Every structure is written in C-alpha cells, then in structure tokens.
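The residues making up each chain are set out below.
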Amino acid sequence: ILTRPHLLAAPGAGTYLIGSTGVVGGLAFITTAAAAAVVAVGDVLLRQGTAITSMSSTGYATIADLTASFTSARSGILAFLSLGAYNTNASANNFFALRIDSAAEVGEIQVTQPNASQDAAVQTMFVWTNQTIGPHVVDARWRVDSFTVESRGTNRRLVVMEADQG
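Reading guide: rules and limits
- Residues numbered from 1 in each chain as written.
- Predicted model: local features only at pLDDT ≥ 70, side-chain atom pairs only at ≥ 80, totals over all residues.
- Heavy atoms only, no water.
- Helix = DSSP H or I, 4+ residues; strand = E, 2+ residues; numbered from the N terminus.
- Buried < 20%, exposed > 50% of the residue type's maximum accessible area, 1.4 Å probe, protein only.
- Contact = heavy atoms within 4.5 Å.
- Salt bridge = Lys/Arg side-chain N within 4 Å of Asp/Glu carboxyl O.
- Pairing = 2+ DSSP bridges.

Asker: Outline the overall build of the chain, supporting the account with residue identities and numerical values.
Answerer: What the chain contains, in helices and strands, is zero helices and eleven strands. Reading the helices (α) and strands (β) of the chain from amino to carboxyl end gives β-β-β-β-β-β-β-β-β-β-β. A total of 166 residues make up the chain; the buried ones form 45% of that total. Long-range pairs, those at least 24 residues apart, make up 70% of the contacts in the chain with a sequence separation of at least 6.

Asker: Can you lay out the pattern of salt bridges for me, pointing to particular residues and giving the numbers?
Answerer: Under the criterion given, the structure shown has five salt bridges. Measuring nitrogen to oxygen at the nearest pair gives 3.0 Å for the salt bridge that ties Asp 65 to Arg 156. With Asp 65 in strand S5 (residues 61–72) and Arg 156 in strand S11 (residues 149–162), this residue pair connects regions lying 91 residues apart in the sequence. Of the residues examined, Asp 65 reaches a relative accessible area of 25% and is grouped as partly exposed. On the basis of relative accessible area, Arg 156 is assigned to the buried category, the value being 0%. Asp 139 is the salt-bridge partner of Arg 99, the closest N and O atoms lying 2.8 Å from each other. Here Arg 99, found in strand S7 (residues 93–100), pairs with Asp 139, found in strand S10 (residues 134–144); they are 40 residues apart in sequence, far enough to count as distant. Residue Arg 99 shares its accessibility class with Asp 139, and that shared class is buried.

Asker: Let's hear about the environment of Ser 75: which residues, and what values?
Answerer: Mapping Ser 75 onto the fold places it in the loop between S5 and strand S6 (77–87). Residues Ser 75 and Gln 131, spaced 56 residues apart in sequence, show a C-alpha to C-alpha distance of 4.5 Å.

Asker: I'd love a proper account of the pairing of S7, names of residues and values included.
Answerer: Taking burial as the measure, the eight residues of S7 include eight buried ones, the bulk of the element. Because side chains alternate across S7, one face comprises the buried residues Asn 93, Phe 95, Ala 97 and Arg 99, and the other comprises Asn 94, Phe 96, Leu 98 and Ile 100, equally buried. Where S7 meets strand S8 (residues 106–112), five bridges bridge the pair, whose relative direction is antiparallel. Within the sheet, the bridge partner assigned to Phe 95 lies in S8 and is Gln 110. Adjacent in sequence and paired antiparallel, S7 and S8 are bridged by five residues, among which Asp 101 carries a positive phi angle near 50°. Of the pairings in the sheet, the one linking S7 to S10 comprises seven bridges and is antiparallel in character. The residue of S10 that forms the bridge with Leu 98 is Ala 140.

If you want it as structure tokens, here you go:
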C-alpha cells in the first residue's frame, strides 16, 4: 500500500524505483542512473524495455532489459511481468515466466495466437517466500515451441517489490 512517495536513485537506464510510506496514495518515478538498487521496506523496483527485442529459442532466455538486481530486507519477494508480444507464425506457443537467483522458472503462462503476428497482452506474477535477506536477481524469461516471439515495441515491464509474509 503506497502513500507519500519518496524518490530513490535508479540503477541504470530503463530502471525506476518507486518509494513509499503510509497507507494509500500516488507513485513517483525517476529516471536518473545510479550504481545499485536497494529496495527498502515498501519500495517498488520497476524495469522497463528500452528497445524492441525478439528470440527463437525453445529453451528459456531472459527478456532484454527485464532483470532486476536489488538487496532485500525481507524474505518475501513479489514480481509482476507485463508485456505486449506476438509470434511470427500462427498457432505457435509462447511461454513466459519469472525466475529468482537463477533458480527454475515459475509463474509460467502460455500464449498461443490464432493468427501470425497477432498481438497478445501477457501478464504473470509470482510471490517467493522464505528467501534469504540480502542481494537477489529477478528476471523475466520467455521461450517458444517454434518460430520467433517478439516484444511489441518497448511495451514490457518487470515490477519487483518486497512482500510481507504475515
């Protein structure tokens, strides 16, 4: 729950930190670069695409620009992926998932478009519990069963935040 946003240094192009305290309110974005992100209690880390990207692998690969490196003060971590994508072929299966610290992909969803190059809105999320307090890396991943999947412009976002395990 976010209120009275405060700004934090953002780690690199296309990364934004949204700081907050309190109980309900607005968000603030910054675009300045810094060396590292520290996600404090209640902070939200946003990574967004900076260029069109595509891939043709049947094994998972990280989606360009959608890796968040941060230090957590809590053992619960929530990640949310949202992007526009399409496959160059009709009926090809596209898979999207999240990963933390190079572990196996989780939160996998499958998108199959009936027509070639038909846009699909993709969203998935996952909450990891009992993570160690300290540095983590969360990345968004994708794969195909055939042909090529491509992002629709730079319309892709990875949001990462700490989650209470109360």
